[in-house]
Amino acid sequence: KVLARGQSPPRKLRSNKRCLLLPELARVHESILSEMMKAAPTKWCYIHFLHGGESVSRVQPSTSAFGCRDWMFAAVITARWADGDIE
């Protein structure tokens, strides 16, 4: 839903998050993520990126419970909607 000019966002939003671990970003990732955002059900949805770089792969697997070490970026996708909105 799009807010009308001067309309305030809802007082309470619900959300759900998912994280994708990506290799070095390429043009194909840009188009996939862009299409995802165009298809988002509300204007309160967003994607933010965390750069892991090569430092992620330098940690010894035995020092952490997190086993995935071959990613460059984490894309955290957050879907948000107004509380009570069932559309």
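Residues numbered from 1 in each chain as written. Predicted model: local features only at pLDDT ≥ 70, side-chain atom pairs only at ≥ 80, totals over all residues. Heavy atoms only, no water.

Caption draft 1: Structural context of the overall build of the protein chain. Scanning the protein chain from terminus to terminus reveals two helices and three strands. Against the globule reference of 12 Å for 87 residues, the protein chain gives a C-alpha radius of gyration of 17 Å, more extended than a compact globule. Taken along its principal axes, the extent of the C-alpha atoms in the protein chain is 50 × 30 × 20 Å. Residue pairs at least 24 apart in sequence account for 76% of intrachain contacts in the protein chain once pairs closer than 6 positions are excluded. For the protein chain, the exposed area adds up to about 6,800 Å²; of that, 55% sits on carbon and sulfur atoms. Treating the 13 positive side-chain charges of the protein chain as one cloud and the 8 negative ones as another, the clouds have centres 9 Å apart. (Helix = DSSP H or I, 4+ residues; strand = E, 2+ residues; numbered from the N terminus. Rg over C-alpha atoms; globule rule 2.2 N^0.38 Å. Contact = heavy atoms within 4.5 Å. Areas by Shrake-Rupley, 256 points an atom, 1.4 Å probe, with all protein chains shown as cover. Lys, Arg positive; Asp, Glu negative; His and termini not counted. Charge placed at Lys NZ, Arg CZ, Asp CG, Glu CD.)

Caption draft 2: Looking closely at the nonpolar core. With six residues, the main nonpolar core is built from Leu 22, Leu 33, Ile 47, Phe 73, Ala 75 and Ile 77. Here this core takes three residues from strand S3 (residues 73-82), the largest share from any one element. Dropping the residues within four chain positions of it, Phe 73 is found in contact with Leu 20, Leu 21, Leu 22, Pro 23, Leu 25, Leu 50, His 51 and Gly 52. (Core = buried A, V, L, I, M, F, W, Y, C linked by side-chain atoms within 4.5 Å. Buried < 20%, exposed > 50% of the residue type's maximum accessible area, 1.4 Å probe, protein only.)

Caption draft 3: The arrangement of the sheet that holds S3 in detail. Taken in spatial order, the three strands make up an open sheet running S1-S3-S2, and their pairing is antiparallel. Lying at the two open borders of the sheet, with one neighbouring strand each, are strand S1 (13-22) and strand S2 (46-51). When the angles between neighbouring strand axes are averaged without regard to direction, this sheet yields 20°. Both S1 and S3 contribute to a ladder of 10 bridges, which runs antiparallel. (Pairing = 2+ DSSP bridges. Axes fitted to C-alpha atoms, helices over the stretch in contact; angles between N-to-C directions.)

Caption draft 4: Just the confidence of the model for the protein chain, in detail. Of all residues in the protein chain, 91% attain a pLDDT of 70 or more, and the chain-wide mean is 81. Of all secondary-structure elements in the protein chain, the lowest mean pLDDT belongs to helix H2 (residues 55-58), at 76, while S2 reaches the highest, 89. (pLDDT = per-residue confidence, 0-100.)

Caption draft 5: Up close: the environment of Phe 49. Checked against the element boundaries, Phe 49 lands in strand S2. In this structure, the C-alpha to C-alpha distance between Phe 49 and Leu 33, residues 16 residues apart in sequence, is 11 Å. Ignoring any residue separated from it by four or fewer positions in sequence, one finds Phe 49 in contact with Leu 22, Leu 33, Ala 74 and Ala 75.

Caption draft 6: Representation of the environment of His 51. Topologically, His 51 is positioned in strand S2. Counting along the chain gives 19 residues from His 51 to Ile 32, while the straight-line C-alpha distance between them is 18 Å. The residues touching His 51, leaving out its near neighbours within four places in the chain, are Met 72 and Phe 73.

Caption draft 7: Quick look at the pairing of S3. For S3, the tally of buried residues reaches seven of 10 residues, placing the bulk of the element in the interior. Summarising the sheet, S2 and S3 pair through six bridges and their orientation is antiparallel. Of the residues in S3, the one forming a bridge with Tyr 46 is Thr 78.

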